[in-house]
Amino acid sequence: MPRYLISFNEGAMDHIPDGDWGDVGEASHAVIQEAADAGVWVFAAGLERQRASIVGTDGLVTDGPFPETKEVIGGFTVLDVATREEALAWAAKIAVGCRCAQEVRELMADADTDELLRRAGR
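Keep in mind it's a predicted model, so treat the numbers as computed, not measured. Numbering of residues starts from 1 in each chain and follows the order in which that chain's sequence is written. In keeping with the predicted nature of the model, local features appear solely for residues at pLDDT of at least 70, side-chain atom pairs appear and are counted solely at 80 or more, and the whole-chain, interface and lining totals rest on all residues. Hydrogens and water are ignored here; the side-chain numbers use all heavy atoms of the structure.

S.K.: Is there a simple way to explain the nonpolar core in this structure?
M.R.: It is characteristic of soluble globular proteins that their nonpolar side chains tend to be buried jointly. Here, nonpolar core refers to any group of buried Ala, Val, Leu, Ile, Met, Phe, Trp, Tyr and Cys residues whose side-chain atoms link them within 4.5 Å. Working definition: with a 1.4 Å probe on protein chains only, accessible area under 20% of the residue-type maximum means buried, over 50% means exposed, and in between means partly exposed. With 18 residues, the main nonpolar core has Ile6, Met13, Leu79, Val81 and Trp90 as its most contacted residues. Mapped by element, the contributors of at least two residues to this core are strand S1 (3-9), helix H1 (21-37) and helix H2 (84-98). The greatest single-element share of this core, amounting to five residues, is contributed by H2. In this structure Leu79 touches Pro2, Arg3, Tyr4, Ile6, Ala35, Val40, Trp41, Val42 and Trp90, once residues within four positions along its chain are discounted. By definition, any uninterrupted DSSP run of H or I lasting at least four residues is a helix, any uninterrupted run of E lasting at least two residues is a strand, and each is numbered from the N terminus. Residues count as neighbours in contact if any of their non-hydrogen atoms are within 4.5 Å of one another.

S.K.: What am I meant to see in the sheet that holds strand S2 (residues 41-46) here?
M.R.: Strands in a sheet are paired, the pairing made by backbone hydrogen bonds, and the direction either parallel or antiparallel. Read across the sheet, four strands follow the order S2-S5-S1-S6 without closing on themselves; strand pairing throughout is antiparallel. For this open sheet the edge positions go to S2 and strand S6 (103-106), each flanked by a neighbour on one side alone. On average, each strand axis in the sheet is tilted by 20 degrees relative to the strand beside it, whichever way the strands run. Each pair of strands is called paired provided DSSP finds at least two bridges between the two strands. Alignment of S2 against strand S5 (residues 73-80), held across five bridges, turns out to be antiparallel. Residue pairing in the sheet places Ala44 in a bridge with Thr77 of S5. Between N-to-C directions, angles span 0 to 180 degrees; the directions come from axes that are lines fitted to C-alpha atoms, helices contributing only their stretch in contact. Against the sheet, H1 contacts S2 and S5, and its axis sits at roughly 160 degrees relative to S2. Of the strands in this sheet, S1, S5 and S6 are in contact with H2, which crosses S1 at around 30 degrees.

S.K.: Is there a simple way to explain the packing of H1 against H2 in this structure?
M.R.: It is the contact of H1 with H2, at a shortest axis distance of 7 Å, that shows an interaxial angle of 160 degrees. When the axis of H1 is compared with that of H2, the two are roughly antiparallel. Along its contact with H1, which presents Val24, Ala27, Ser28, Val31, Glu34 and Ala35, the element H2 presents Trp90, Lys93, Ile94, Gly97 and Cys98. Residues are grouped as follows: Ala, Val, Leu, Ile, Met, Phe, Trp, Tyr, Cys and Pro are nonpolar; Asp, Glu, Lys and Arg are charged; all remaining types, including Gly, are polar. Split by residue class, the contact of H1 with H2 holds seven nonpolar, two polar and two charged. Angle categories: roughly parallel below 35 degrees, roughly antiparallel above 145, roughly perpendicular from 65 to 115, and oblique for all the rest.

S.K.: Would you mind going over a nonpolar patch on the surface with me for this structure?
M.R.: Surface patches are defined over residues having more than 30% relative accessible area and no salt bridge, joining like charges when they lie within 9 Å and nonpolar side chains (Val, Leu, Ile, Met, Phe, Trp, Tyr) when within 5 Å. Each accessible area value is a Shrake-Rupley result obtained with a 1.4 Å probe; residue values ignore everything except the protein chains displayed when judging cover. By salt bridge we mean one thing: a side-chain nitrogen of Lys or Arg within 4 Å of a carboxyl oxygen of Asp or Glu. A cluster of nonpolar side chains, Trp41, Val42 and Phe43, forms an exposed patch at the surface whose accessible area comes to about 260 Å². Note on placement: Trp41 falls in strand S2. For Trp41, a relative accessible area of 34% puts it in the partly exposed group.

S.K.: Teacher, can you tell me more about the packing of aromatic side chains here?
M.R.: Aromatic rings in a pair are described by how distant their centres are and how their planes are angled relative to each other. A pair of aromatic rings is counted whenever rings of Phe, Tyr or Trp (Trp by its six-membered ring) have centres within 6.5 Å, and the orientation is called stacked for planes under 30 degrees apart, edge-to-face for over 60 and tilted otherwise. Under the criterion given, the structure shown has one aromatic pair. Above the plane of the ring of Trp90 lies Lys93, whose end atom (NZ or CZ) is 4.4 Å from the centre. Both a distance and an angle decide whether a charge sits over a ring: NZ of Lys or CZ of Arg must be within 6 Å of the ring centre and within 35 degrees of the ring normal.

Okay, structure coming up:
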């Protein structure tokens, strides 16, 4: 089945009042549990703010992306679902739980990676 990346940009959840974070975490985890129970969940995580490095093809490591960058992923979920419509439906549930819009992209299929995951039991 196709895999989809469902993500939101850093800062997309900045509007949430401090007192609501417990409810947001509970709602977000409930959606992820629902996806796991449905057998479509692959992985999900939030990303540390601006704690990235760029490693060039020559091995040179530089800091980045920089704060001036307008769009940096703040968190993501990977789901394995049959159709884009199903991915969009899950993204809608995640958007409600996280209280922010979600971007949906289909990941490129790769038979070699699929075989490696199958052998690893994933």
